[in-house]
Each structure stands twice: as C-alpha cells, then as structure tokens.
Amino acid sequence: MLSALKSIETERLFLRPFTERDLEEFYAYASDPEVGPKAGWKPHDSREESWEVLQRFIREKEVWAITERNSGRLIGSVGLHRDEKRSCENVKMLGYVIGRPWWGKGYATEAAKAALRYGFRHMHLKMITIYHYPFNSRSRRVVEKCGFIPEGTLRMGSQLWNGAVYDDVCYSMTREEYFSRYGRF
C-alpha cells in the first residue's frame, strides 16, 4: 500500500487520489460493458457498487484517478497493486483502465509510464508486473510501449466473475531494466 498517494502530472494527464466527488464519472466508465471485462472485472450494476469500489480506492491508497489536465474530467484509473501471483516483497502489479471514449489516444500508455516512474523512483520497487488476456490487443500495445519484458503465458491463469477462464499473458520489468531503459534521472 502507498503510504501517501502523491499526485502526478504528465503532458496531458493529472493522476491524483480518488475522492467521493468522482462517483458519477467513475460509474460512467465502470458500468460500460466494454470496459471492465477487458480488465477482468464485472461491469458495475449500480452506483452503490461503484461507491463501494471507490471507497476501497480511497482507503487503500494504491489507485490513482486519471484525469485530463485540460478538462479535469475523470477518464480512468491506474494502480500499483499486490501481485497475487508472486510472493516476493517489494513487487507490485500495474493495472489500468480507460473509459471507452478515450481509447486509442495514448492515455493508458501515458498513465502507465507515470505509474512505472513513481513505482521505481519513489516506492523503490524491485519489480513491476503486468498481465493481459490474449484477446486484449489494446492492452498488449500499452505493455509493449512501456517496455515490459515478456515472461510467457500462464495458462488458465484467471477465472472471472462470470466463470470464464482465460490465460494470462505475463510481463515484468525490474528496477534495473527500468533505469536501463528510461535513465536514472
């Protein structure tokens, strides 16, 4: 868990802690049937369900709200979570989601790179992992653009809320690989 979730500015985005005021915009993308399943979670059926998840984001301090810098509009989330597939300390899993109206604009890559930078430069993580389902080509492109190293496919790695079972395509980046790719400063 992040001790204090710091806000991050990028060229086009502002990553900040979630607040209760985010409910309506959060529900708008979290209820979209095209968004959640690609990330492995059920689309939200109600504002109450979104409220519960939002409260967890606020309490656990490991997920940033992704907002457009110019408009201030909430367009998604990015977080560094405990990787349930690994038992090593100081390893986090990167996860992100972008609302459908903002797909294809490079926002997920921009937010993911900001979270990587924060994880390695401020949290001093040893490794950051990431996974996607074989059918999620958009996420695969984000992973590639960030420079993650392919590890392979964990067959039948995830069972979703609806009983569907999918392979997990696995990647990682060590601290050393990050600094080799992006530099020390």
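Coordinates for the structure precede this section.
The structure presented is a predicted model; accordingly, all values stated were derived computationally and were not measured. (Residues numbered from 1 in each chain as written. Predicted model: local features only at pLDDT ≥ 70, side-chain atom pairs only at ≥ 80, totals over all residues. Heavy atoms only, no water.)

Caption draft 1: How the structure looks around the packing of helix α1 (residues 23–30) against helix α3 (residues 47–60). Viewed as axis vectors pointing N to C, α1 and α3 meet at an angle of 110°, and their least axial separation amounts to 9 Å. As the angle between them shows, α1 and α3 are arranged roughly perpendicular. Judged by the sense of rotation from one axis to the other, the crossing of α1 with α3 is right-handed. Counted together, L23, E24, F26, Y27 and A30 of α1 and R47, S50, W51, V53, L54 and F57 of α3 form the full contact between these two elements. Residue composition of the contact of α1 with α3, grouped by class: eight nonpolar, one polar and two charged. (Axes fitted to C-alpha atoms, helices over the stretch in contact; angles between N-to-C directions. Helix = DSSP H or I, 4+ residues; strand = E, 2+ residues; numbered from the N terminus. Parallel < 35°, antiparallel > 145°, perpendicular 65-115°, else oblique. Left-handed = near helix turned anticlockwise from the far one by under 90°. Contact = heavy atoms within 4.5 Å. Nonpolar A, V, L, I, M, F, W, Y, C, P; charged D, E, K, R; others polar.)

Caption draft 2: Examining the pairing of strand β7 (residues 149–159) more closely. The pairing of β7 with strand β8 (residues 165–174) spans seven bridges and is antiparallel. Residue pairing in the sheet places P150 in a bridge with Y171 of β8. Adjacent in sequence and paired antiparallel, β7 and β8 are bridged by five residues, among which G163 carries a positive phi angle near 95°. (Pairing = 2+ DSSP bridges.)

Caption draft 3: How the structure looks around the sheet that holds strand β5 (residues 91–98). Taking strand neighbours across the sheet as the criterion, the eight strands line up as β1-β2-β3-β4-β5-β6-β8-β7 in an open arrangement whose pairing is mixed. Single-partner strands in this sheet number two, and they are β1 (8–9) and β7. Pairing geometry for strand β2 (residues 13–17) and strand β3 (residues 63–68), over five bridges, is antiparallel. Within β3, the residue paired with P17 across the bridge is W64.

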